[in-house]
Amino acid sequence: MIAVKASTALLVPCLAVMAAYLSCFLTQLPPARTTIPAAFDSSSFPAYKLSSEQVKSFQRDGYLILRSVLPLRSVETLAASRPARMFVWWLYPLELLLNAVLQQISHEDALWSEHDVFYSLWKHSPCASLAAGVKNQTTARLLTDLAVGFYKHKRPRVLATYHQDRYSYNIISAESAGITVWIPLSNIDARTQGGSIKLVSNALAGPECRTRTADDKFSDACMQVFDEVAEVPDWKIGDVLLFAKDTIHRSQPFLPNATQASRFAVVGRFAVGSSRINLASPNLGFKLKMDYCNHTLGQGSQLNGPCFPQFYPTTLPLEEATRAQNVLGFPSAERWFLNEAYRMAHFVITSSLSSSSGL
């Protein structure tokens, strides 16, 4: 009896602490979305055709800034459709921890597979055709899409360092062309607020600075060059940025006196032209959800199929039907994260054991 009373006495304060803990992070949950924005249709976007000068500019610099490509209302719809959270509520503390470690807002990828708004963006907007156009290619397939962002007073650990997106394109061969479409979801004043993106022209970086060091970083001297030559544009809602997978860039943190609270962008990663799949690439860090899709492609085969849907010159009925049937095999965000956590833990443990046995 004494033991039961003691257990009860301990249970009550534990429950109180748990309730206080839950109430603490539940108050930080974004409000539930009461309406889901309607998907776009063919009338949602005006046509946009690249000029020969713009293509030459991309070929020289490795990036191209396009103004007023998307209507204001369409970008507002994207902003309203951005998933508020990655995980279900009971894993929200883990999401807060990830955000704190990365100093950015974590999002799962492959938004197109679950959200009609994002699928219809790539289907009906000129983005896919622009991605193909800057490389003078006739097809564009979406590898994955996601939303990225960070808050004021944060300096993202990865985004805010000079990098190339080649690891994000590991699933296609090195010679295959990869183009990122970057869509800001708000106006960005780089000079007074920050939160822009620093872009280093291929023509100004120099060949000696386009090669990373042995530890896969850029030298201090090269990063100083990047800071000197980087373009840091202002952005208006409706603007679109295109850049190649090997373009050197980084996010600009908010300035100390910034009044803007956050900066988010929608990102689409396209393989354009004749691309081949690469299944032998090293898995650095977390594998994206796209790596789990049920494709039957072999190493070096032509990239095709519903896991990497074609959006230019047009979508394919069979690929659209497969998506609608929900048989692509993408895991939920929770299962994806747990799978990756287990995979990385297993890698760390086996590597440590191997190192110990070699001593």
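Residues numbered from 1 in each chain as written. Predicted model: local features only at pLDDT ≥ 70, side-chain atom pairs only at ≥ 80, totals over all residues. Heavy atoms only, no water.

(A) Summary view of the pattern of salt bridges. By the definition in use, this model includes 9 salt bridges. Among the salt bridges present, the one from Asp116 reaches Arg323, with a minimum N-O distance of 3.0 Å. Of this pair, Asp116 sits in helix α5 (residues 116–124) while Arg323 sits in helix α9 (residues 317–324), placing them 207 residues apart in sequence. A salt bridge links Asp227 to Arg250, with the nearest nitrogen and oxygen atoms 3.9 Å apart. Remark: Arg250 occurs in strand β6 (residues 248–251) and Asp227 occurs in helix α8 (residues 220–229); sequence separation between them is 23 residues. Several salt bridges share partner residues, and in doing so they unite Lys198, Asp227 and Arg250 into one network. (Salt bridge = Lys/Arg side-chain N within 4 Å of Asp/Glu carboxyl O. Helix = DSSP H or I, 4+ residues; strand = E, 2+ residues; numbered from the N terminus.)

(B) Summary view of unusual backbone geometry. Omega for the peptide link from Tyr312 to Pro313 comes to 10°, which places this bond in the cis form. Considering the arrangement of structural elements, one finds Pro313 in the loop between β8 (310–312) and α9. The backbone phi angle of Ser68 is positive, close to 55°, even though this residue is not glycine. By the element assignment, Ser68 lies in the loop between β1 (63–66) and α3 (72–81). You can call Ser68 exposed: its relative accessible area is 60%. With phi around 60°, Ala110 is a residue other than glycine that occupies positive phi space. For Ala110, the location among the structural elements is in the loop between α4 (92–102) and α5. Accessibility expressed as a relative area gives 1% for Ala110, which makes it buried. (Buried < 20%, exposed > 50% of the residue type's maximum accessible area, 1.4 Å probe, protein only.)

(C) Spatial organisation of the pairing of strand β5 (residues 240–244). Counted residue by residue, β5 has 5 buried out of 5 residues, so it is predominantly covered. Alternating positions in β5 separate into two faces, Val240, Leu242 and Ala244 on one and Leu241 and Phe243 on the other, with burial throughout. In the sheet, β1 pairs with β5 via 4 bridges, with the strands oriented antiparallel. By the bridge assignment, Ile65 is partnered in β5 with Leu241. In this sheet, β5 lies alongside strand β3 (residues 177–184) in antiparallel orientation, the contact comprising 4 bridges. (Pairing = 2+ DSSP bridges.)

(D) Fine view of the packing of aromatic side chains. Following the criterion strictly, the structure yields 10 aromatic pairs and no others. Taking 6.3 Å as the distance between ring centres and 40° as the angle between the ring planes, the aromatic pair formed by Trp112 and Tyr119 counts as tilted. Here Trp112 matches Tyr119 in class, with each residue buried. With a centroid separation of 5.1 Å and 65° between ring planes, the pair formed by Tyr119 and Phe311 is classed as edge-to-face. Of this pair, Tyr119 sits in helix α5 while Phe311 is found in strand β8, placing the two residues 192 residues apart along the sequence. For Phe311, a relative accessible area of 3% corresponds to the buried category. Pairwise contacts between aromatic rings join Trp112, Tyr119, Phe311 and Phe330 into one cluster. (Phe/Tyr/Trp six-rings, centres within 6.5 Å; stacked < 30°, edge-to-face > 60°.)

(E) Quick peek at the packing of α3 against α5. For the pair α3 and α5, interaxial distance at closest approach is 10 Å and the crossing angle is 145°. Crossing of α3 over α5 shows left-handed handedness. On the side of α3, the interface is formed by Thr77, Leu78 and Ser81, while α5 contributes Val117, Phe118 and Leu121. Across the contact of α3 with α5, the residue classes tally to 4 nonpolar, 2 polar and no charged. (Axes fitted to C-alpha atoms, helices over the stretch in contact; angles between N-to-C directions. Left-handed = near helix turned anticlockwise from the far one by under 90°. Contact = heavy atoms within 4.5 Å. Nonpolar A, V, L, I, M, F, W, Y, C, P; charged D, E, K, R; others polar.)

(F) Representation of the nonpolar core within the structure. Formed by 56 residues in total, the largest nonpolar core has its most connected members in Trp122, Leu143, Val181, Ile183, Leu242 and Phe270. Residue contacts for Trp122: discarding those within four places in its chain leaves Trp112, Cys127, Ala128, Leu142, Asp145, Val181, Ile183, Val266, Val267, Gly268, Phe270 and Phe311. Counting residues in hydrophobic clusters, the runner-up holds 13 residues, among them Leu146, Val148, Ile188 and Ile197. (Core = buried A, V, L, I, M, F, W, Y, C linked by side-chain atoms within 4.5 Å.)

(G) Just the pairing of β6, in detail. Taking every second residue as pointing to the same face, both faces of β6 are buried, with Ile248 and Arg250 on one and His249 and Ser251 on the other. Where strand β4 (residues 197–200) and β6 come together, 4 bridges link them in antiparallel fashion. What sits directly across from Val200, in β6, is Ile248.

None of the figures reported here should be taken as evidence of function without further support.
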